[in-house]
Amino acid sequence: MQTGPRDETVPPYFNIDPDLALGELGHATTTENFAEIADACARGREDLASRGLQEDGQKKLRMFSTWEITRYLIPVAPAHFRRVLKGNPDLPQGRSETDGGAKWFTLDEVLRLRAHFASEGSKAKEYTPYRPDGLPAKLVAVANFKGGVGKTSTCAHLAMSAALDGYKVLVVDLDSQGSMTSIFGGTVQDEWQTVFPLLARHYATHLRQENQRRLDRGEAPSPIDDTLSEALKSRSSDLIQSTHWPNIDLIGAQLNLYWAEFQIPVWRMQGRSWKLWDALTDTLEEDGVLNDYDIIFLDTPPALGYLTINGLAASDILLVPMGASFLEFDSTGRFFDMLHSTFQSIEAGENMAARALGREEMGFEWDAVRTLITRYDGSQQAELASLMQAYLGKSLSPHWQGYTALIGQAGEQVSGIYEADYRDFNRETYVRGRETFDATYAAFKRLLIGTWRRDELALQADQAGTPELAL
């Protein structure tokens, strides 16, 4: 705020009065002031979040109209949709806010209706998404060590898209900032309600096995402290919480999760043979989580730390969002360089030991890795985005996710795009706003289906005892 007359002929950073500046400065900041600022942010965050909550403090997913259902969720004409409801009174009939007004349905009801159309409707139409039997969930990590690239937003919207498409989704928040947890209305009191106990359990299990080998050699075992003893009791089911989406569950995060970045290297120093990068994969598989869901989204921290390494190592598909700017292109290149160095180093260390022991060598592999352009502005970034596409080729998704007014308005209401009620906009704005996210999901779904199909053919070939088809 200007506190005195200013000469309009010179820039505002000239002729600043030192005494006026001192008067605006206030007292020096102490450590205790950080707590006051944090408390102010917490109160403000609760106020903002409350705008998307019910009276009982829980987030509530909006309802979906007949127009929206028949346009985006169930591929039938509105008239046929109404005829089916009339002919099947046991199906959800929806509710109208006014006499003769549009019918509105909960997502639970939409899922029931979709199942009915899948069993009774035309076999030529896709009422339920492709999901081969006998195969585990696909794990999808969204990562980049540069902040502000739309990482969490992309992950959240893909999870919502997949849920609307009919998939059963688990979202795992690996970022101690907990933004994904906030989006889905999660409540996390401490690190014991995050993935931390799963990682600790994996190390404790390793340590217990090592201790047995030490005892067999007549050596003293390493102590298992209270943290590790408690972690051995934990299971994924203790951590998974439901959300306001009927087919999206969550393992949340909060600030204390960052402790894992300090604790994991300590465990690694104590147990050199512990494969820390397998901790998340192994525990989720051991607990049956991979059979309970179709897709598991992993939102990683904006840093290449131990939590990110676990998320990347666990993933089948890796998505790397970035903006169409020189700095983000440059930063993303450095991110991939770090990925190469990190995972190559792990492979080299493991395979040196494997060769010495005559064991099979290991190597990391991902079904698909794609970069995504987010917050794209076609009026200013077309040339740079085209250049990026030319250099990155197939590793850059051909769909560039545009920024629309709907994104900003939904963010102000603490909602994802798919949680926004189109009646809060005009319908045309809503349709345009959805288009770019629907296209992002379509590009992702092609990857998902392609990887599942490849696995399905490999499984069929294995069961038939024939060589795997070349793809």
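Residues numbered from 1 in each chain as written. Predicted model: local features only at pLDDT ≥ 70, side-chain atom pairs only at ≥ 80, totals over all residues. Heavy atoms only, no water.

Here the focus is the sheet that holds strand β5 (residues 169–173). Reading across the sheet, the 7 strands line up as β6-β7-β5-β8-β4-β9-β10 and stay open at both edges, with mixed pairing between neighbours. Bordering the open sheet on either side are β6 (241–242) and β10 (368–374), each of which pairs with just one other strand. This element, helix α14 (residues 306–314), spans β4 (138–142), β8 (295–299) and β9 (317–323) of the sheet and lies at about 140° to β4. (Pairing = 2+ DSSP bridges. Helix = DSSP H or I, 4+ residues; strand = E, 2+ residues; numbered from the N terminus. Contact = heavy atoms within 4.5 Å. Axes fitted to C-alpha atoms, helices over the stretch in contact; angles between N-to-C directions.)

Either a parallel or an antiparallel arrangement is found when strands of a sheet pair, and the pairing is made through backbone hydrogen bonds. Strand order in the open sheet made by the 3 strands is β1-β3-β2, with antiparallel pairing throughout. Lying at the two open borders of the sheet, with one neighbouring strand each, are β1 (64–65) and β2 (95–96). As paired strands, β2 and strand β3 (residues 103–105) are joined by 2 bridges and run antiparallel to one another. Residue pairing across strands places S96 opposite K103, the latter belonging to β3.

Below, the discussion takes up the pairing of strand β7 (residues 248–251). Residues I248 and L250 of β7 are buried on one face, and the alternating residues D249 and I251, pointing to the opposite face, are buried as well. Bridging between β5 and β7 involves 4 bridges; their strand directions are parallel. Bridge pairing in β7 places V169 opposite I248. Pairing geometry for β6 and β7, over 2 bridges, is antiparallel. Each residue of the ladder has a partner; that of S242, found in β7, is D249. (Buried < 20%, exposed > 50% of the residue type's maximum accessible area, 1.4 Å probe, protein only.)

Let us now look at the pattern of salt bridges. Evaluation of the coordinates by the stated rule reveals 22 salt bridges. In this structure, K445 engages E126 in a salt bridge whose closest nitrogen and oxygen atoms are separated by 3.1 Å. Placement of K445 in helix α18 (residues 427–464) and of E126 in the loop between α5 (107–120) and β4 is noted, with a sequence separation of 319 residues between them. A relative accessible area of 46% places E126 in the partly exposed class. Measuring nitrogen to oxygen at the nearest pair gives 3.6 Å for the salt bridge that ties E230 to K233. Given a relative accessible area of 58%, K233 falls into the exposed group. Residues joined by salt bridges that share partners form a network here, namely R62, E68, R434 and D438. (Salt bridge = Lys/Arg side-chain N within 4 Å of Asp/Glu carboxyl O.)

With respect to the helices and strands, the residue H399 is situated in the loop between α16 (378–392) and α17 (405–412). With relative accessibility at 19%, the residue H399 sits in the buried group. Note: C-alpha distance between H399 and T243 (156 residues apart in sequence) is 29 Å. Residues in contact with H399, not counting those within four places in the same chain, are I373, T436, A439 and T440.

Of note in the backbone geometry, R375 takes a positive phi value of approximately 55° without being a glycine. As for its placement among the helices and strands, R375 is situated in the loop between β10 and α16.

In this model, the protein chain carries an average pLDDT of 87, and 91% of its residues clear a pLDDT of 70 or more. In the predicted structure, residues 409–414 sits below a pLDDT of 50 and forms 10 contacts with residues beyond four places in sequence or in another chain. (pLDDT = per-residue confidence, 0-100.)

Here the focus is the packing of helix α3 (residues 66–73) against helix α4 (residues 78–87). As a packed pair, α3 and α4 sit with axes 10 Å apart at the nearest point and diverge in direction by 115°. Judged on the interaxial angle alone, α4 and α3 are roughly perpendicular. As for the relative orientation of α3 and α4, their crossing is right-handed in sense. Across the interface between the two elements, T66, I69 and T70 from α3 touch P78, F81 and R82 from α4. (Parallel < 35°, antiparallel > 145°, perpendicular 65-115°, else oblique. Left-handed = near helix turned anticlockwise from the far one by under 90°.)

This part takes up the packing of aromatic side chains. In this structure the tally under the stated criterion is 25 aromatic pairs. Pairing W67 with Y422 gives two aromatic rings, centres 4.8 Å apart and planes at 70°, and the pair type is edge-to-face. Here W67, found in helix α3, pairs with Y422, found in the loop between α17 and α18; they are 355 residues apart in sequence, far enough to count as distant. Ring geometry for W267 and W274: centres 6.1 Å apart, planes at 75°, overall edge-to-face. An identical accessibility class is assigned to W267 and W274; each is buried. Members of the aromatic cluster, each reached through a chain of ring pairs, are W192, F196, Y203, W259, W267 and W274. The ring centre of W104 lies 3.8 Å from the NZ or CZ of R423, which sits over that ring. (Phe/Tyr/Trp six-rings, centres within 6.5 Å; stacked < 30°, edge-to-face > 60°. Lys NZ or Arg CZ within 6 Å of the ring centre and 35° of its normal.)

Inspection of the secondary structure puts G402 in the loop between α16 and α17. Put simply, G402 and G433 are 31 residues apart on the chain and 8.8 Å apart in space, counted from C-alpha to C-alpha.

Attention now goes to the pairing of β8. Across the 5 residues of β8, 5 count as buried, placing the element largely inside the fold. Burial along β8 is two-sided: the face carrying I295, F297 and D299 and the face carrying I296 and L298 are both buried. Bridge count for β4 against β8 is 5 bridges, and the pairing is parallel. Its bridge partner lying in β8, A141 is registered against L298. Pairing of β5 with β8, which is carried by 5 bridges, proceeds in the parallel orientation.

The next thing to look at is α4. Regarding α4, the residues found buried are F81, V84 and L85. Angular distribution of buried residues about the axis of α4 spans 100°; they occupy a single face of the element. Facing away from the buried side of α4, by more than 90 degrees, are the exposed residues R83, K86 and G87. Where α4 is buried, its residues meet α3, β3 and α5. (Arc of directions from axis to C-beta.)

A word on the packing of helix α6 (residues 151–165) against α18. Put simply, α6 and α18 touch, their axes get as near as 10 Å, and they point 80° apart. By the criterion of interaxial angle, the relationship of α6 to α18 is roughly perpendicular. Residue-level inspection shows H157, L158, S161, A162 and D165 of α6 in contact with α18, the latter providing F437, T440, Y441, F444 and K445.

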